[in-house]
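# Report on the structure
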Amino acid sequence: MTKHPPTFGVMTYEAEPWPELTARWAWFERLGLDSLWAGDHVWSSIVDGRPVRPRFDAWLLLAGMAAATTRPTLGPLVSSMPFRSPAMVAKQAVTLDHMSAGRLVLGLGAGGNPADHAACGVPLWDPEERIARFGEYVEIVRGMLSTDAFEYSGTHYRVSGTVRAPAPIQSAPPLTIAAHVPGTLRVAARHADTWSSYGTLFSQMRRGVTLSEQEGVRTTARRAALLDEYAAEEGRDPSTIRRSFLAGFTADRPLASVEAFHDFVGRYREIGVTEFVFLYPGPGGVDPAMFERICTEAMPDLRRS
């Protein structure tokens, strides 16, 4: 498998006061994090009549990250298909690539959260239609980012008269594709520079199911094996697709201590994961002092290993 040095990033979607967020992003950069990500949801849970974990718009949040930092890569993890047309996402991607001086990594996902669909008034497509739509969607976004004039006519999406002007700073902004089931894994095998997973399924989270540390690794390894199989069928070398893991949805608590962090990263590196993204502040919060220790002690050690 192609050797990728490990990289580390954080994802946020909480609507904290803006000065607090910009200060936090600058702190992340000083700590040496490689990537910053914004989660993309519209809904917020309501508990006892009050919103829980209110959220800002992901793309505008990323614009703020671009202004507050100079070095980390930036991107949505992941931009959800039901919210925006593929042409709009391509235009937003070009804009953010310019705002960030070429630091964009474009994350794309098929969506499927019923609360998001309801909030946006978008029908909840059945799995077969969702996967078919996602394949067309990613093909359009990639085509519009890499071709000066692009047209497409599919079953679910059609675009015509599009002109890539201006072009992105990067000749081909890298695509990170979230995929957890065979249909979307096939899309990732065809188009992704990086495949992203989080070791569980949204349907399991809705039922309150939390996979154990071992189950999370086994689930991710099975998906990685399918990705390899599908990439080979597409004529791609599977090792050219980087593997990324979003922590925070299994029983793992990698930010609890330096030792827990080393253990977590080691287990996932064994199955080929080389990009690690952590929720901040995440479920139950994060101790800032411990997080700083992890960033300044553990991460440099692992990058050298």
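Throughout what follows, the structure given in this document is the object of discussion. (Residues numbered from 1 in each chain as written. Predicted model: local features only at pLDDT ≥ 70, side-chain atom pairs only at ≥ 80, totals over all residues. Heavy atoms only, no water.)

## Some remarks on unusual backbone geometry
Trans is the prevailing form of peptide bonds, just as negative phi is the prevailing case for residues other than glycine. With omega at 0 degrees, the peptide bond leading from Ala 165 into Pro 166 counts as cis. Among the structural elements, Pro 166 can be located in the loop between strand S9 (158–163) and strand S10 (175–178). Tyr 280 connects to Pro 281 through a cis peptide bond whose omega is 10 degrees. In this structure, Ala 101 takes a positive phi of about 60 degrees despite not being glycine. Its place among the elements puts Ala 101 in the loop between helix H3 (86–99) and strand S7 (106–109). On the basis of relative accessibility, which here comes to 59%, the residue Ala 101 falls in the exposed class. (Helix = DSSP H or I, 4+ residues; strand = E, 2+ residues; numbered from the N terminus. Buried < 20%, exposed > 50% of the residue type's maximum accessible area, 1.4 Å probe, protein only.)

## Description of the environment of Pro 254
Tracing the sequence through the fold places Pro 254 in the loop between strand S12 (242–247) and helix H9 (258–269). Setting aside chain neighbours within four positions, we find Pro 254 in contact with Ala 247, Ala 260, Phe 261, Phe 264, Phe 278 and Ile 294. (Contact = heavy atoms within 4.5 Å.)

## Section: the nonpolar core
Nonpolar side chains tend toward joint burial in soluble globular proteins. The biggest cluster of nonpolar side chains holds 75 residues, and the ones touching the most others in it are Phe 8, Phe 28, Leu 106, Leu 108, Phe 261 and Phe 291. If near-sequence neighbours (up to four positions away) are discounted, Phe 8 is found in contact with Leu 33, Asp 34, Ser 35, Phe 261, Val 265, Phe 276, Phe 278, Met 299, Leu 302 and Arg 303. Judged by nonpolar contacts, the second largest core, of 12 residues, contains Met 11, Leu 77, Val 78 and Ala 178. (Core = buried A, V, L, I, M, F, W, Y, C linked by side-chain atoms within 4.5 Å.)

## Things to note about the packing of helix H2 (residues 58–68) against H3
Remark: H2 packs on H3, axes separated minimally by 9 Å, with the N-to-C direction vectors making an angle of 15 degrees. Relative to H3, the element H2 is oriented roughly parallel. The element H2 and its partner H3 pack so that their crossing is right-handed. For the pair H2 and H3, contact is made by Trp 59, Leu 62, Ala 63 and Ala 66 and by Val 89, Gln 92, Ala 93, Leu 96 and Met 99, respectively. Partitioning the contact of H2 with H3 into residue classes produces 8 nonpolar, 1 polar and no charged. (Axes fitted to C-alpha atoms, helices over the stretch in contact; angles between N-to-C directions. Parallel < 35°, antiparallel > 145°, perpendicular 65-115°, else oblique. Left-handed = near helix turned anticlockwise from the far one by under 90°. Nonpolar A, V, L, I, M, F, W, Y, C, P; charged D, E, K, R; others polar.)

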